[in-house]
Amino acid sequence: MATILVVDDEHGIRDLLSEILNDEGHTVELAENAAQARNIRQQLRPDLVLLDIWMPDTDGVTLLKEWSSTGLLTMPVIMMSGHATIDTAVEATRIGASAFLEKPITLQKLLKAVDQGLNKAVPPPKVAASPLLAPQRLPGSEVTVEEAMTMTLSAHAVGLNGATTFNGAGLANLPLGPQPQQTFNLDSPLREARDEFEKAYFEYHLAKESGSMTRVAEKTGLERTHLYRKLKQLGVDLARAKRGQLG
């Protein structure tokens, strides 16, 4: 996940944003003024900055100009304020800010702005589709439930019996979460086989996204509330999945 620098002179806002972003799997650095933000920026290059406009020593727009003029504006910066005018927001955007959030900031707007900022900084790689029955994929690419179930049924149709290990064409190089490969019993009833696969599928994505429910919801195309219900139904250990790392 990303390293995000939060710059705000209000202690409560820093704590709230830190808690939310940590829950999404990000690493969060905190600064209560421009001086601390400068020091942190010198020590590391954050993937994204949440920058308050009104601060006691140096305001956020001035700091943004400083980073821009000295070549340090190498990451997306999202400006935040509860009192800024339209002109201030336009000026910040002109200098190089990627977005502007008006306080109080809703959870949905915050996560959307952060995801958009990070996606702009690092465009996702495109994977070309293959005409083969089992499409070839780059290591780490996603396989949908429908695709994997289709491969399962196709493998069964050409003569595989009993337990099938997904370690063949199309999936040989795919990291599958905490385990190097997954085995599913094709002799079990369809509902049980589907639940077994879906549990492994979600555990893989939770490990890959460091437990970020927002990222997993986007990857799988499910609403977060639906995703929570699904994981609970399948008995997925969210705490364990969040600690899991892909090798």
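Residues numbered from 1 in each chain as written. Predicted model: local features only at pLDDT ≥ 70, side-chain atom pairs only at ≥ 80, totals over all residues. Heavy atoms only, no water.

Undergrad: With reference to specific residues and values, describe the overall build of the chain.
TA: When you go through the chain residue by residue, the secondary structure sums to ten helices and seven strands. Sorting the 247 residues of the chain into buried and exposed places 42% on the buried side. Of the accessible surface of the chain, which amounts to about 13700 Å², a share of 52% is contributed by carbon and sulfur atoms. (Helix = DSSP H or I, 4+ residues; strand = E, 2+ residues; numbered from the N terminus. Buried < 20%, exposed > 50% of the residue type's maximum accessible area, 1.4 Å probe, protein only. Areas by Shrake-Rupley, 256 points an atom, 1.4 Å probe, with all protein chains shown as cover.)

Undergrad: If you had to explain the pattern of salt bridges to someone new, which residues and values would you point to?
TA: Across all of its chains, the model carries five salt bridges by this definition. For the salt bridge of K103 with D8, the shortest nitrogen-to-oxygen distance reads 2.7 Å. A residue pair is termed long-range when its members are at least 10 positions apart, and K103 in the loop between β5 (99–102) and α5 (107–121) and D8 in the loop between β1 (3–7) and α1 (11–23) qualify at 95 residues. Grouping residues by exposure puts K103 and D8 together as buried. Connected through salt bridges with shared partners, the residues D8, D52 and K103 form a single ionic network. (Salt bridge = Lys/Arg side-chain N within 4 Å of Asp/Glu carboxyl O.)

Undergrad: How would you sum up helix α7 (residues 190–208)? Please name residues and give values.
TA: Taking 1.5 Å as the rise per residue, α7 with 19 residues should run 27 Å; its terminal C-alpha atoms sit 27 Å apart, in good agreement. Buried within α7 we find A193, F197, E198, A200, Y201, F202, Y204, H205, L206 and A207. After α7 finishes, the residue S210 shows a positive phi value of roughly 55 degrees. (Expected span 1.5 Å × (residues − 1).)

Undergrad: Let's hear about the environment of S98: which residues, and what values?
TA: By secondary structure assignment, the location of S98 is in the loop between α4 (86–95) and β5. Along the chain, S98 and V49 lie 49 residues apart, while their C-alpha atoms are 9.9 Å from each other.

Undergrad: Explain a negative patch on the surface residue by residue, including any values.
TA: A contiguous patch of negative charge, built from D9, E10, E32 and D57, is present on the exposed surface. As for its position among the elements, E10 is in the loop between β1 and α1. (Patch = residues over 30% accessible without salt bridge, like charges linked within 9 Å, V, L, I, M, F, W, Y side chains within 5 Å. Lys, Arg positive; Asp, Glu negative; His and termini not counted. Charge placed at Lys NZ, Arg CZ, Asp CG, Glu CD.)

Undergrad: Kindly report on the sheet that holds strand β2 (residues 27–31), identifying the contributing residues and their values.
TA: Here we have five strands laid out as an open sheet, ordered β2-β1-β3-β4-β5, and parallel in their pairing. The open sheet has two edge strands with one neighbour each: β2 and β5. Averaged over all pairs of adjacent strands, the angle between strand axes in this sheet comes to 20 degrees, irrespective of strand direction. The sheet contact formed by β1 and strand β3 (residues 48–52) spans four bridges and is parallel. From the neighbouring strand, V7 faces β3, where its bridge partner is L51. Contacting β1, β3 and β4 (77–81), helix α3 (residues 60–69) runs over the sheet at an angle of about 145 degrees to β3. (Pairing = 2+ DSSP bridges. Axes fitted to C-alpha atoms, helices over the stretch in contact; angles between N-to-C directions. Contact = heavy atoms within 4.5 Å.)

Undergrad: Go over the packing of helix α8 (residues 213–220) against helix α9 (residues 224–234) with me, naming the residues and quoting the values.
TA: One can describe the packing of α8 onto α9 by two numbers: an axis separation of 10 Å at closest approach and a directional angle of 95 degrees. With respect to each other, α8 and α9 are oriented roughly perpendicular. Contacts from M213, T214, V216 and A217 of α8 reach α9 at R224, L227, Y228 and L231. Residue composition of the contact of α8 with α9, by class: six nonpolar, one polar and one charged. (Parallel < 35°, antiparallel > 145°, perpendicular 65-115°, else oblique. Nonpolar A, V, L, I, M, F, W, Y, C, P; charged D, E, K, R; others polar.)

Undergrad: Which residues make up the pairing of β2, and what values do they have?
TA: The pairing of β1 with β2 spans five bridges and is parallel. Opposite I4, over in β2, you have V28 as the bridge partner. Running through α1, the crossover from β1 to the neighbouring parallel element β2 is right-handed. (Right-handed = clockwise from strand over helix to strand, strands pointing away.)

Undergrad: Residue-level account of the pairing of β5, with values.
TA: Pairing of β4 with β5, which is carried by four bridges, proceeds in the parallel orientation. Bridged to M79 within β5 is F100. Viewed along the sheet, the connection from β4 through α4 into β5 turns out right-handed.

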